[in-house]
Amino acid sequence: MAARPHPDPLPFPALEQIYARLPRGFHARVSPAGAPAPRLLMLNTALCRELGIDPGAGTAEAWAGLLSGNRLPRGAEPVAMAYAGHQFGQFVPQLGDGRALLLGEIWDAAGGLRDLHLKGAGRTPFSRTGDGRAALGPVLREYLVGEAMHALGIPTTRALGAVATGETVLRDPPQPGAILARVAASHIRVGTFEYFAARRDIPALRQLADLTLARHPPQEATQETQDDPYRALLASAVERQARLVAQWMGIGFVHGVMNTDNTALSGETLDYGPCAFLDVYRPGAVFSAIDHHGRYAYGNQPRIAEWNLARLAECLLPLVDTDPQRAVERVMPILERFPERVGACWLEGMRRKLGLETAETEDTPLIQDLLALMEQEEADFTLTFRHLTTLAEDPENQAAPPGWSRGEAFASWRVRWHHRLGREPGDAARPARIMARANPLRIPRNHRVEQALEAARAGDLEPFRHLLEAVTHPFEARPEWAAFDTPPQPGERVTRTFCGT
Ligand code: AMP
Ligand code: MG
């Protein structure tokens, strides 16, 4: 469909064309297919302001035209990005944006550069057998979970808006079509490096690595930063993934499809397909209907992140040293830091969940013993830590979490924790304050997400907006949100999630 002139153009900032200026092998130029009857479903006004855009400056119709790809912002040069990837451990030399387009980059109000991306914008040369479209359910799911993650302080791509296209997409069952406008620190993935490494295109690899260093400069000056930028790039990726996955673990998040094409060099959470949050704590928890062997189980995520980083390291070898053996020797010590770094980030996060700011060697067994008890009790991950928060707020209260059958085991654990808190410096109320900020009251519980999406598919967006408001204030109690804070009843439990592509 041809772009039509709009009576009400939006004052949208002009886009940069940084990725689009890379050589042809990096992307394919594609015009968005557009939408026959675009209707604005959601506009992220807070993110608009971060981007320096006045969300009130345009009508809903103008926004729908823009976010559907019917009308392009100034400077936009849409491209489908090329990438490869390991999907469930199997290498696929060509994946690429099969239904998404990068419109260009935008300077945010803080001076950072972000990608503006339309997901569901139509077919591209990378579509293979796919239709290039996205369905309403998965689009709104990504919108909601991404915003919840952001509110929880976890790096993530974000939704700028969602638009219904007016078309039906053939899924089982058929669904309304939709487009997600996504903003990301970048869409450079481990799979982007794999694409060029598999083709032995060293100049392209170097260009990609240089762009990555420019977009995501290493945060800490390590030895590698001075010696060798490409080893610094790997060190930075190791650090970003360690922090990210540790944060996922601390909140009970299961990404569900940690393929290398869904692993962003920015360190943001990318691609909310069959993701889910733990209700019951179980290290082996798997939700994705296509994860038959539990490769991407909750407790496996640190190991998988390390595996993905090893794939990145392999790609960087030719940039690090022309002698392959020497290159391996130079990257291995960096890769080998990951288990220690993810463990340290995890420990720091878990300490805060227990109100601890200092470090003692017994902290690890203290945390592990709590988790073991939680597993035996089939305890709700979020509610257990909230219960501990209330115990820290009121030292008179020594109750075991509601419903626990091993009261004595909990009591002896609680005494250890209590003694440990007694060794923290500062005033006695401090641990409770730390815990109140580290332990959310509310996560997007799978059954609530499904209920809201069901209503949205039937044409009622109100339950979705209500849930979105609640999950974007995860530390705030309000009577009207109380129903979102409790675990599912047995009949409500969602144990399977789907990509829904
Ligand atoms: P994902 O599982 O969303 O990470 O996607 C994996 C690959 O499949 C990427 O190359 C996507 O672009 C492609 N893909 C997913 N859904 C579609 C679709 N409906 N049409 C075309 N390509 C798709
Ligand atoms: Mg993907």
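What counts, and where the lines are drawn
- Residues numbered from 1 in each chain as written.
- Chains lettered and ligands numbered in written order.
- Predicted model: local features only at pLDDT ≥ 70, side-chain atom pairs only at ≥ 80, totals over all residues.
- Heavy atoms only, no water.
- Helix = DSSP H or I, 4+ residues; strand = E, 2+ residues; numbered from the N terminus.
- Rg over C-alpha atoms; globule rule 2.2 N^0.38 Å.
- Contact = heavy atoms within 4.5 Å.
- Areas by Shrake-Rupley, 256 points an atom, 1.4 Å probe, with all protein chains shown as cover.
- Lys, Arg positive; Asp, Glu negative; His and termini not counted.
- Charge placed at Lys NZ, Arg CZ, Asp CG, Glu CD.
- Near = heavy atom within 4 Å.
- Polar contact = N/O pair within 3.5 Å; in protein donor to acceptor, adjacent residues only side chain to side chain.
- Nonpolar A, V, L, I, M, F, W, Y, C, P; charged D, E, K, R; others polar.
- Domains from an automatic or database assignment.
- Buried < 20%, exposed > 50% of the residue type's maximum accessible area, 1.4 Å probe, protein only.
- Pairing = 2+ DSSP bridges.
- 1 Å grid on protein atoms, 1.4 Å probe; cavity = no way out; pocket = protein on both sides within 12 Å on 5 of 7 lines; lining within 4 Å.
- Points joined across faces, edges and corners; volume = space filled by probe spheres on them.
- Phe/Tyr/Trp six-rings, centres within 6.5 Å; stacked < 30°, edge-to-face > 60°.
- Lys NZ or Arg CZ within 6 Å of the ring centre and 35° of its normal.

1. Thoughts on the overall build of the protein chain
Counting its secondary structure elements, the protein chain contains 16 helices and 12 strands. Compactness check: the protein chain gives a C-alpha radius of gyration of 23 Å against a globular reference of 23 Å for 501 residues, within 12% of the reference. C-alpha atoms of the protein chain, sized along the principal axes, occupy 70 × 60 × 40 Å. Within the protein chain, counting contacts between residues at least 6 apart in sequence, those at least 24 apart form 73% of the total. A total of about 20400 Å² of accessible surface is found on the protein chain, and carbon and sulfur atoms cover 53% of it. Where the 54 positive side-chain charges of the protein chain centre and where its 60 negative ones centre are 4 Å apart.

2. Examining the site of ligand 1
Near ligand 1 there are 18 residues, and of these G96, G98, D131, G132 and D271 occur at the shortest range. Measuring from a nitrogen atom of ligand 1, one finds a side-chain N or O atom of R99 at 3.2 Å. A distance of 2.9 Å separates an oxygen atom of ligand 1 from a polar side-chain atom of D271. Compared with its free state, where it exposes 490 Å², ligand 1 has 86% of that area covered by protein. Across the shell around ligand 1, the residue classes break down as 2 nonpolar, 8 polar and 8 charged. Residues lining the shell around ligand 1 come from more than one domain, with at least three contributed by each of domain 1 (4-190) and domain 2 (211-346).

3. With respect to the pairing of strand β10 (residues 175-184)
With 9 of 10 residues buried, β10 is to be regarded as a mostly interior element. Here strand β7 (residues 113-119) pairs with β10 via 5 bridges, running antiparallel. Looking at the pairing, L118 lines up with A181 of β10. Taken together, the 2 bridges between strand β8 (residues 134-135) and β10 define a ladder with antiparallel strand orientation. Bridging from a neighbouring strand, A135 pairs with G177 of β10. Direction of pairing for strand β9 (residues 158-169) relative to β10: antiparallel, over a ladder of 8 bridges. Looking at the pairing, V163 lines up with I179 of β10. Hairpin geometry of β9 and β10 is characterised by an intervening segment of 5 residues between the two adjacent antiparallel strands.

4. Considering the layout of surface pockets
Its boundaries defined by the atoms lining it, the second largest pocket holds a volume of some 470 Å³. Taken together, 21 residues line the second largest pocket, and the ones lying closest to its centre are Q247, C345, E348, G349 and R352. Looking at the lining of the second largest pocket, the elements with two or more residues in it are α7 (229-251), α10 (338-353) and α14 (430-438). Per-element accounting of the lining of the second largest pocket gives the leading share, 9 residues, to α10. Of the residues contributing to the lining of the second largest pocket, the split by class is 11 nonpolar, 3 polar and 7 charged. A domain-level breakdown of the lining of the second largest pocket finds at least three residues from each of domain 2 (211-346) and domain 3 (359-438).

5. Observations concerning the domain arrangement of the protein chain
Taken domain by domain, the protein chain holds domain 1 (4-190), domain 2 (211-346), domain 3 (359-438) and domain 4 (446-492). Averaged C-alpha coordinates put domain 1 and domain 3 at centres separated by 42 Å.

6. Concerning unusual backbone geometry
Geometrically, the link from D172 to P173 is a cis peptide bond, its omega value of 0 degrees lying close to zero. With a phi close to 50 degrees, F88 is a non-glycine residue in the positive phi region. Tracing the chain through its elements places F88 in the loop between β4 (85-87) and β5 (90-92). With relative accessibility at 27%, the residue F88 sits in the partly exposed group. Positive phi, normally seen in glycine, also occurs at D271, with a value near 75 degrees. Within the secondary structure, D271 sits in the loop between β11 (253-254) and β12 (276-277). A residue is classified by how much of its surface remains accessible, and D271, at 18% relative accessible area, is buried.

7. Observations regarding empty space enclosed by the protein
If a probe the size of a water molecule is rolled over the atoms, the empty space left behind becomes visible. Summed over the entire model, instances satisfying the criterion amount to 4 cavities of 30 Å³ or more. What the largest cavity holds in volume is close to 70 Å³. Lining of the largest cavity is provided by Q241, L244, W248, H255, M258, N262, T263, A264, E268, T269, L270 and N308. Per-element accounting of the lining of the largest cavity gives the leading share, 3 residues, to α7. A volume near 50 Å³ is recorded for the second largest cavity. Broken down by secondary-structure element, the contributors of at least two residues to the lining of the second largest cavity are α5 (202-215) and α7. Top element by residues in the lining of the second largest cavity is α7. It accounts for 5 residues. Split into classes, the residues belonging to the lining of the second largest cavity amount to 6 nonpolar, 3 polar and 1 charged.

8. A word on the packing of aromatic side chains
In this structure the tally under the stated criterion is 16 aromatic pairs. In this structure, K353 packs its charged tip against the face of F385, placed 4.6 Å from the ring centre.

9. Regarding the side chain of H27
Mapped onto the secondary structure, H27 falls in strand β1 (residues 27-29). Among the residues examined, H27 registers a relative accessible area of 8% and is labelled buried. At 3.2 Å, the side chain of H27 forms a polar contact with the backbone oxygen of A20. Polar side-chain contacts of H27 include one of 3.1 Å to the backbone oxygen of L22. Filtering out sequence-adjacent residues up to four positions away, H27 remains in contact with Y19, A20, L22, V79, A80, M81 and A82.

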